[in-house]
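Structure assessment
Residues per chain are reported as follows:
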Amino acid sequence: MIDDISSARDAALAALSLAATVDALDAVVGEHLGKRGPLSSLKARLGSLPTVDEKKAMGQVLNEAMQSVAAAADERRALLAAVERRARLDGERMDLTEYRRPARRGHAHLVTEAWERLEDVFVGLGFKVAEGPEIETDWYNFEALNMPPSHPARSMWDTLFVDHGPAGSTVLRTHTSPVQARVMTTQEPPIYVVAPGRVFRNETADATHMPVFHQIEGLVVDRGISFADLAGTIEAFTRAFFGPGFTSRLRPSFFPFTEPSAEFDIRRPDGSWLELGGCGMVHPNVLASCGIDPEEWSGFAFGFGIDRMAKEYHGVDDLREMYSNDIRFIEQF
Ligand code: FA5
């Protein structure tokens with residue numbers, strides 16, 4: 001009987017190993033371990049064994065055979081199930097890369113765009129681009145610009161100081177005008193430069209003010225430069241930047257580093273005015289402190305707010321919107 005048990009077990013194991021699917025395997029299990037299967041029918045033969053001991057011993061052998069078949073079936077079922085699952089997943093997989101949204105390109109910040117356009121306009125008018133440091137010495141930011149220590153005009157700008165060197169000697173530049181002094185102390189006239197850059201003031205942000213904003217400085221030093229050259233340059237630039245519907249005007253004003261000085265406004269097509277910056281003829285004291293002979297050379301300078309120009313150009317209501325990085329705002333441009 002032992003031989004019969006062994007061969008029934010081996011036949012079951014062989015059939016299991018040939019089953020290629022879980023369904024086929026279940027069928028094999030049913031066939032070999034089921035009630036009518038060869039192993040079960042051997043169970044029926046136990047009763048015909050002569051002694052209790054033999055019945056017991058043979059029963060145990062048979063049980064072990066059935067258990068080994070069941071264990072082999074479980075192992076193979078797990079394997080086949082994993083293979084089938086993988087095949088099903090592969091079949092269900094969708095190639096999502098087939099649906100491609102057209103790539104969306106962003107754009108430079110509105111202020112950066114205005115900055116670059118301004119450079120283009122002025123380079124087109126024959127200017128070169130200069131730059132200076134954002135952390136400045138008191139001398140360049142104030143003193144060279146005709147504002148000696150304690151000069152009351154210094155309070156025109158709410159200055160942020162840097163804790164470096166003697167107290168008050170280092171500032172975050174309050175305007176781009178120190179670049180005038182840097183250019184004049186290092187270059188011989190004739191000078192035609194613009195200097196765009198970031199400036200800092202201890203101011204609370206509101207619709208038209210930011211504590212960190214941008215200006216573009218212009219400086220011309222040559223022989224026989226007059227106020228008419230300044231007015232003509234500003235008018236040419238206004239039309240080139242904003243378009244033919246816009247014009248400019250100059251209003252008398254005061255800056256310590258220019259004499260005479262003016263405020264520069266642009267007139268929108270609807271007739272309203274917007275203050276954009278300051279300008280004037282370079283003060284003889286400024287030329288002299290930068291080593292240029294005011295008897296031989298004269299010049300004009302201007303400085304205006306790039307952020308306000310970008311705001312105006314795009315019809316934005318509030319400067320702060322341009323720095324909120326709200327994608328719904330940015331996407332409009
Ligand atoms: C100046 O800064 C002078 N350096 C301009 C100048 C240069 C005059 C050369 C003469 C010769 P003012 O402080 O007015 O001036 O600033 C000039 C422009 O910067 C303003 O008209 C405005 O357009 C812009 N501006 C000033 N403060 C802010 C601010 N907090 N936020 C945004 N823009 C500002």
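**Regarding the environment of M66**
Its location among the elements puts M66 in helix α4 (residues 52–92). You can call M66 buried: its relative accessible area is 13%. C-alpha of M66 to C-alpha of G243: the two residues are 177 residues apart in sequence and 94 Å apart in space. M66 has contacts with L33, L39, S40 and K43, leaving out every residue within four places of it along the chain.

**Topic: the packing of helix α2 (residues 22–33) against helix α3 (residues 38–46)**
For the pair α2 and α3, the least separation of the axes is 5 Å and the interaxial angle reads 15°. Judged by the angle between their axes, α2 and α3 are roughly parallel. Of the residues in α3, those in contact with E31, H32 and L33 of α2 are P38, L39 and S40. Broken down by class, the residue content of the contact of α2 with α3 amounts to three nonpolar, two polar and one charged.

**Some words on the sheet that holds strand β6 (residues 212–222)**
Read across the sheet, seven strands follow the order β1-β5-β6-β10-β9-β8-β7 without closing on themselves; strand pairing throughout is mixed. Where the open sheet ends on each side, the last strands, each with one partner, are β1 (128–129) and β7 (247–255). Sitting on the sheet, helix α7 (residues 178–186) touches β5 (191–200), β6, β9 (273–282) and β10 (298–305), and the angle it makes with β6 is about 35°.

**Things to note about the packing of aromatic side chains**
Within a pair of aromatic rings, the relevant descriptors are the distance that separates the centres and the angle that separates the planes. One pass over the full model with this rule turns up 17 aromatic pairs. Consider the rings of W157 and F257, whose centres lie 6.0 Å apart with planes at 25°: the pair is stacked. With W157 in the loop between α6 (138–141) and β3 (160–161) and F257 in the loop between β7 and β8 (258–267), the pair connects residues that are 100 residues apart, well separated along the chain. The interplanar angle of 35° and the centroid separation of 6.1 Å between the aromatic rings of F237 and F241 together place this pair among those described as tilted. One end of the pair is F237 and the other is F241, both in helix α8 (residues 227–242) and four residues apart, which spans about a single turn. Each member of the pair, F237 together with F241, is buried. Members of the aromatic cluster, connected to one another through ring pairs, are F122, F127, Y192, F237, F241, F242, F246, F264, F300, F302, F304 and Y313. The cationic tip of R117 hangs over the ring face of F241; the distance from NZ or CZ to the ring centre is 4.3 Å. Here the guanidinium or amino end of R117 rests over the ring plane of Y313, the centre of that ring lying 4.4 Å away.

**What to know about the pairing of β5**
Within β5, eight of the 10 residues are buried, leaving the element largely enclosed by the surrounding structure. Bridge count between β1 and β5: two bridges; the pairing is parallel. Paired with K128 across the strands is V193, a residue of β5. Bridge analysis of β5 against β6 gives 10 bridges, and the strand direction is antiparallel. Each residue of the ladder has a partner; that of V199, found in β6, is F213.

**Overview of the site of the ligand**
Not every one of the 26 residues close to the ligand is listed here, only the nearest: H175, S177, R201, E203 and L276. Side-chain polar atom of Q215 to an oxygen atom of the ligand: 3.1 Å apart, as the coordinates give it. Summarising the interface, the protein chains cover 95% of the accessible area of the ligand, which totals 670 Å² for the free molecule. Among the cavities detected, the one that contains the ligand is the largest pocket. Secondary structure elements with two or more residues in the shell around the ligand: β6, β9 and β10. Among the elements that line the shell around the ligand, the one with the most residues is β9, at five residues. The residue inventory of the shell around the ligand, partitioned by class, reads 10 nonpolar, 11 polar and five charged.

**Topic: the pairing of β10**
Most of β10 sits inside the fold, with seven of its eight residues counted as buried. Of the pairings in the sheet, the one linking β6 to β10 comprises eight bridges and is antiparallel in character. By the bridge assignment, V220 is partnered in β10 with F300. As defined by bridge partners, β9 adjoins β10 across five bridges and the pair is classed as antiparallel. Residue pairing across strands places M281 opposite F300, the latter belonging to β10.

**Notes on empty space enclosed by the protein**
Empty space among the atoms becomes visible once a probe the size of a water molecule is rolled across them. Evaluation of the coordinates by the stated rule reveals one cavity of 30 Å³ or more. The volume enclosed by the largest cavity comes to roughly 40 Å³. Looking at the largest cavity, the residues that line it are V179, Q180, V183, V193, V194, A195, E217, G218 and L219. Looking at the lining of the largest cavity, the elements with two or more residues in it are α7, β5 and β6. For the lining of the largest cavity, a count of residues per class yields six nonpolar, two polar and one charged.

Definitions and limits used
- Residues numbered from 1 in each chain as written.
- Predicted model: local features only at pLDDT ≥ 70, side-chain atom pairs only at ≥ 80, totals over all residues.
- Heavy atoms only, no water.
- Helix = DSSP H or I, 4+ residues; strand = E, 2+ residues; numbered from the N terminus.
- Buried < 20%, exposed > 50% of the residue type's maximum accessible area, 1.4 Å probe, protein only.
- Contact = heavy atoms within 4.5 Å.
- Axes fitted to C-alpha atoms, helices over the stretch in contact; angles between N-to-C directions.
- Parallel < 35°, antiparallel > 145°, perpendicular 65-115°, else oblique.
- Nonpolar A, V, L, I, M, F, W, Y, C, P; charged D, E, K, R; others polar.
- Pairing = 2+ DSSP bridges.
- Phe/Tyr/Trp six-rings, centres within 6.5 Å; stacked < 30°, edge-to-face > 60°.
- Lys NZ or Arg CZ within 6 Å of the ring centre and 35° of its normal.
- Near = heavy atom within 4 Å.
- Polar contact = N/O pair within 3.5 Å; in protein donor to acceptor, adjacent residues only side chain to side chain.
- Areas by Shrake-Rupley, 256 points an atom, 1.4 Å probe, with all protein chains shown as cover.
- 1 Å grid on protein atoms, 1.4 Å probe; cavity = no way out; pocket = protein on both sides within 12 Å on 5 of 7 lines; lining within 4 Å.
- Sits in = over half its atoms within 2 Å of the grid points.
- Points joined across faces, edges and corners; volume = space filled by probe spheres on them.

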